[in-house]
Amino acid sequence: MILLKTKEEIALIRDAALLLGKTLAEVGRHIHPGVTTAFLNQIGEQYIRDHGAIPLCKGYEGFPSAFCISVNDVVVHGIPGERFIKEGDNVSLDCVISLNGYVADSAYTFGVGEVSPEVSRLMKVTKEALYIGLDKCKAGNRVGDISHAIQMHCEKNGYSVVRELCGHGVGLKMHESPNVPNYGTPGTGPLLKEGMVIAVEPMVCMGSKNVKFSKSDGWTCSTKDGKPAAHFEHTVAITANGPDILTTFDFIENK
Ligand code: MF3
Ligand code: CO
């Protein structure tokens, strides 16, 4: 069942989403060569709790930390630890928080210092794919319209999209219906209605779309070919006029 949120509920999700945007920026400004991903997670978890929110990834089906931090060939669900960030890495921060019972989900991929032109283009195209998908978030469209738009933009740029994981409904829980794949056929899938809130999150590989999940931790999702991947995510409310993007990258990008 797809929950429709009221204007009041969307306002509360927006509060959570705004704090999440600030959180990603706060952690992002600590991304430098020599810091560990565990350190970044700790800064972020403290910030979330200091602002009265709860990090929902921590403890979710056994996931151990507040953030997913995914470096280079790790696509998503990287577990923070003693890995050191280095110059040229691409580091995705993915986080879900609950504030006053309302939930927002967002991710951003940061380049560390000077990244290669290839990786820089991958990040740029992945973020473009997110906004191209968001453009389809209008009542009357279907989920497949979002999926197809994302897939086309990535593939026409020579990249591939992960099949195993997808976007999702969000707002009262981390994962609600519907699933929002990053590949698909226009005009298919659930109808988008005013009041739906979803997380759109292209996971894009420079090489092949095939991924593997770590046998030791069960979470870390990496490209099979070892090539880099990128991930951007926004929480968005569907309106009759188009997307109402609730999370924000403004605090990251307008420094
Ligand atoms: N933000 C991720 C998602 O989009 C996080 C889920 S994995 C978790 O679904 F276990 F860390 F929560
Ligand atoms: Co998500």
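Every value quoted in this text rests on a predicted model; they were computed, and no experiment measured them.

K.L.:
Help me out: how do you make sense of the environment of phenylalanine 84 in this one?
P.N.:
Examined against the element boundaries, phenylalanine 84 turns out to sit in the loop between β3 (74-76) and β4 (90-99). Under the relative-accessibility criterion, phenylalanine 84 is labelled exposed at 53%. Along the backbone, phenylalanine 84 and alanine 38 are 46 residues apart, and their C-alpha atoms lie at a distance of 9.0 Å.

K.L.:
Got a minute to help me understand the sheet that holds strand β13 (residues 229-231) in this structure?
P.N.:
The pairing of strands in a sheet happens through backbone hydrogen bonds and is either parallel or antiparallel. In spatial order, the strands read β6-β10-β13; together these 3 strands make up an open sheet with antiparallel pairing. Because the sheet does not close on itself, it has two edges, and the strands there are β6 (160-161) and β13. In this sheet, β13 lies alongside strand β10 (residues 203-205) in antiparallel orientation, the contact comprising 3 bridges. Of the residues in β13, the one forming a bridge with methionine 203 is histidine 231. Where helix α3 (residues 117-134) meets the sheet, its contacts fall on β10 and β13, and the angle it forms with β13 comes to roughly 35 degrees.

K.L.:
Which parts of the structure should I look at to understand the coordination of the cobalt ion (ligand 2)?
P.N.:
Around a metal, the idealised angle for a tetrahedral arrangement of four donor atoms is 109.5 degrees; for an octahedral arrangement of six donor atoms it is 90 or 180 degrees. Taken together, Asp105 (OD), His168 (NE2), Glu201 (OE) and Glu233 (OE) make up the protein donors of the cobalt ion (ligand 2), found 2.1 to 2.2 Å from the metal. All donors of the cobalt ion (ligand 2) belong to a single chain; written as a sequence motif, their spacing is D-x62-H-x32-E-x31-E. Placement of the pair is aspartate 105 in strand β5 (residues 102-111) and glutamate 201 in the loop between β9 (197-200) and β10, with a sequence separation of 96 residues. Comparing aspartate 105 with glutamate 201, the two get one shared label, buried.

K.L.:
What's the story with the nonpolar core in this structure? I'm lost.
P.N.:
Side chains that are nonpolar tend, in soluble globular proteins, to be buried together. Formed by 69 residues in total, the largest nonpolar core has its most connected members in Ile198 and Val200. Of all the elements, helix α1 (residues 7-28) adds the most residues to this core, at 9 residues. With sequence-adjacent residues up to four places away left out, valine 200 is seen in contact with Leu130, Leu134, Cys137, Ile146, Ile150, Phe232, Glu233, His234 and Val236. In terms of nonpolar packing, the next biggest core, distinct from the first, is built from 9 residues, Val76, Val162, Cys205 and Cys221 among them.

K.L.:
So what exactly am I meant to see when it comes to the pairing of strand β2 (residues 67-71) here?
P.N.:
Look at any regular strand and the pattern is simple: side chains alternate between the two faces of the sheet. Of all 5 residues in β2, 5 are buried, a share of seventy percent or more. Neither face of β2 is exposed, since Phe67, Ile69 and Val71 on one face and Cys68 and Ser70 on the opposite face are all buried. Bridge count for β2 against β4 is 5 bridges, and the pairing is antiparallel. Following the sheet pairing, valine 71 is matched in β4 by valine 91.

Parameters at a glance
Residues numbered from 1 in each chain as written. Chains lettered and ligands numbered in written order. Predicted model: local features only at pLDDT ≥ 70, side-chain atom pairs only at ≥ 80, totals over all residues. Heavy atoms only, no water. Helix = DSSP H or I, 4+ residues; strand = E, 2+ residues; numbered from the N terminus. Buried < 20%, exposed > 50% of the residue type's maximum accessible area, 1.4 Å probe, protein only. Pairing = 2+ DSSP bridges. Contact = heavy atoms within 4.5 Å. Axes fitted to C-alpha atoms, helices over the stretch in contact; angles between N-to-C directions. Donors = N, O, S within 2.8 Å, 3.2 Å for Na, K, Ca; no water. Core = buried A, V, L, I, M, F, W, Y, C linked by side-chain atoms within 4.5 Å.

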